[in-house]
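# Examination of the molecular architecture
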Amino acid sequence: MTTKAPELLLPAGNLAKMRAAYDFGADAVYAGQPRYSLRARNNEFKLDELRQGIDEAHARGKLFFVASNILPHNAKLKTYMADMEPVIAMKPDALIMADPGLIMMVREKWPEVPIHLSVQANTTNLMGVKFWQKMGLTRVILSRELSLDEIAEIRQACPDMELEVFVHGALCIAYSGRCLLSGYFNHRDPNQGTCTNACRWDYKMHDTRDDDAGDVQRIQFDFGQAMDEANRNFAACGGAERHPLADRTYLIEEGSRPGELMPIIEDEHGTYIMNSKDLRAIEQVEKLVKIGVDSLKIEGRTKSVYYVSRTAQAYRKAIDDAAAGRPFDLSLLADLDGLANRGYTPGFLERHQTQDYQNYLTGHSQAKKSQYVGEVLEIAADGRALVDVKNRFAVGDRIEIVHRAGNRTLTITALHKDDGSPLDVAAGNGIRVWMDLGGPADGALIVRLFD
């Protein structure tokens, strides 16, 4: 029995990433104007790029959504409608929006344009979905804070509304999209599109003590040693009392800003500026397909072409297998482990996972460790590939060729420089080498496999 497959929606930070997303299985992509989406930085989609992207998508029979999901202050209201006029003329397949005022303005002037409610609007219940449906929106991107059961309940109560769910990417450490850390630390407001991902910086801890005036003063100490000692004391009292270090004020120091110390306080639940694990819900795809979710979304407009390609390929297979009733392919877990990540979690989708299940997943993922090491730039007449090296690899290494026509593995037998001279090691980023990849390799990505 075949079930309807949901749309696979990938991020597009630029045209190259858009093309990679489509090549590796995406049905749709989303991109945004720097001024009105939540990616003002590292965003190459100016008007010309948006026009080209939409035209290319439609020529391929694909969908292209434009994110316009900022929560604007008054100054941006004055320019919004005029700036949107040329975008609407390009005929994107939908706008992704969050602000009720902007939604009202667009609905009044362009009622024919489909609008998807952004996750930034934090829709967490079925009545919220029904409200936005009455307002004429065609899709709601549900909050990341919902469980599978809650999503299923919304699906049952709102059968005629498109529902979209995030399945992979970074998780906010505040309620989805509402983090204030970046604005607090360096005056770049996440809710205006300029998030610097302050929650994911490299922090070091420093102890403090109060001076006579009640101000905190830094003192030198070994935090790990102090924590070990505190844990021993905590265990000795049976763990029933409050943690001895819980009421202290600490100073944190970010790795690239030595000497800039910021206060942090821990309560009984822990501290709040440590980054979340990344969302990976590929093993929940089957349940989401059975629930009837319309679109599965991957986060990461600032991520690499490799990230877009690998996630598109993995989730495409997971969706197709689930729709066809085939069992989940466990090797997809290992494929995604090869991406840069901060550890994975299914987020709020699965409230409880047993320790055995977690160990099972971890054990399988660790069986295939990998690293992205290169991208094919061109193919010579003799079939050899010119590879732009991203990370070190060498003759004798086992590699995987990630290609839209299918992946394959091989062992490197030879590398050559541009002048034809042999090379034993491609030392790292900035080097280009020629190599035989034993088959179709145009636009391929090279992944080194570790035993």
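Below is a summary of the structure that appears in this document.

About the criteria used
- Residues numbered from 1 in each chain as written.
- Predicted model: local features only at pLDDT ≥ 70, side-chain atom pairs only at ≥ 80, totals over all residues.
- Heavy atoms only, no water.
- Helix = DSSP H or I, 4+ residues; strand = E, 2+ residues; numbered from the N terminus.
- Buried < 20%, exposed > 50% of the residue type's maximum accessible area, 1.4 Å probe, protein only.
- Contact = heavy atoms within 4.5 Å.
- Areas by Shrake-Rupley, 256 points an atom, 1.4 Å probe, with all protein chains shown as cover.
- Phe/Tyr/Trp six-rings, centres within 6.5 Å; stacked < 30°, edge-to-face > 60°.
- Axes fitted to C-alpha atoms, helices over the stretch in contact; angles between N-to-C directions.
- Parallel < 35°, antiparallel > 145°, perpendicular 65-115°, else oblique.
- Left-handed = near helix turned anticlockwise from the far one by under 90°.
- Nonpolar A, V, L, I, M, F, W, Y, C, P; charged D, E, K, R; others polar.
- Bend = angle between axes of the 7 residues up to and from the residue.
- Pairing = 2+ DSSP bridges.

### Some thoughts on the overall build of the protein
From N to C terminus, the protein includes 12 helices and 24 strands. Counting all 451 residues of the protein, 49% fall into the buried class. Summarising the internal contacts of the protein: among those between residues at least 6 apart in sequence, 67% fall at separations of at least 24. Surface exposure of the protein reaches about 21,400 Å², of which carbon and sulfur atoms provide 50%.

### Brief notes about the packing of aromatic side chains
For the structure on display, the rule yields 4 aromatic pairs. Each ring, one from Phe45 and one from Phe64, has its centre 5.9 Å from the other, and the planes form 70°; the classification is edge-to-face. Here Phe45 is found in the loop between strand 2 (28–32) and helix 2 (47–59), whereas its partner Phe64 is found in strand 3 (residues 63–67), with 19 residues between them in sequence. A single burial state applies to Phe45 and to Phe64, both of which are buried.

### Description of the packing of helix 5 (residues 126–134) against helix 6 (residues 148–157)
The geometry of helix 5 relative to helix 6 is characterised by a closest axis approach of 9 Å and an angle of 40° between their N-to-C directions. With respect to helix 6, the element helix 5 is oriented oblique. For the pair helix 5 and helix 6, the crossing hand works out as right-handed. Along the contact surface, helix 5 presents Leu126, Val129 and Lys130, while helix 6 presents Glu153, Ile154 and Ala157. Classifying every residue of the contact of helix 5 with helix 6 gives 4 nonpolar, no polar and 2 charged.

### Topic: unusual backbone geometry
Despite not being glycine, Lys91 has its phi angle at roughly 60°, a positive value. Looking at where Lys91 falls in the secondary structure, it is placed in the loop between helix 3 (74–89) and strand 4 (94–97). Taking the relative accessible area as the measure of exposure, Lys91 reaches 61% and is therefore exposed. You will see that Asn122, though not glycine, has its phi angle at about 55°, which is positive.

### Digging into helix 3
At Tyr80, helix 3 shows its maximal kink, close to 40°. Taken as a whole, helix 3 has its buried residues at Lys76, Tyr80, Met81, Met84, Val87 and Ile88. Looking at the packing, one finds that the buried side of helix 3 touches helix 2, strand 3, strand 4 and helix 4 (100–109). Immediately beyond the C-terminal end of helix 3, within one or two residues, lies Lys91, with a positive phi of roughly 60°.

### Here's the deal with the environment of Ala157
Tracing the sequence through the fold places Ala157 in helix 6. Every residue in contact with Ala157, bar those within four places of it in the chain, is listed here: Leu126 and Lys130.

### A closer look at the pairing of strand 16 (residues 385–389)
Within strand 16, 5 of the 5 residues are buried, leaving the element largely enclosed by the surrounding structure. By the alternation rule, side chains of strand 16 split into Ala385, Val387 and Val389 and Leu386 and Asp388, which are all buried. Strand direction decides the pairing type here: strand 15 (residues 369–379) and strand 16, joined by 5 bridges, are antiparallel. Residue pairing in the sheet places Val376 in a bridge with Val387 of strand 16. Counted between consecutive antiparallel strands, the loop separating strand 15 from strand 16 contains 5 residues, among which Gly383 sits at a positive phi close to 95°. Of the strand pairs in this sheet, strand 16 and strand 23 (residues 432–435) are connected by 4 bridges, and their pairing is antiparallel. By the bridge assignment for strand 23, Val387 is matched with Val433.

### Regarding the environment of Val119
In this structure, Val119 sits in the loop between strand 5 (115–117) and helix 5. For the pair Val119 and Val140, spaced 21 residues apart in sequence, the C-alpha separation works out to 7.8 Å.

### Some remarks on the packing of helix 1 (residues 15–23) against helix 2
Following both chains from N to C, one finds helix 1 and helix 2 inclined at 15°, their axes separated by 10 Å at the closest point. Our classification of the angle between helix 1 and helix 2 gives roughly parallel. The element helix 1 and its partner helix 2 pack so that their crossing is right-handed. Of helix 2, the residues touching helix 1 (which contributes Leu15, Met18, Arg19 and Tyr22) are Glu49, Gln52, Gly53, Glu56 and Ala57.

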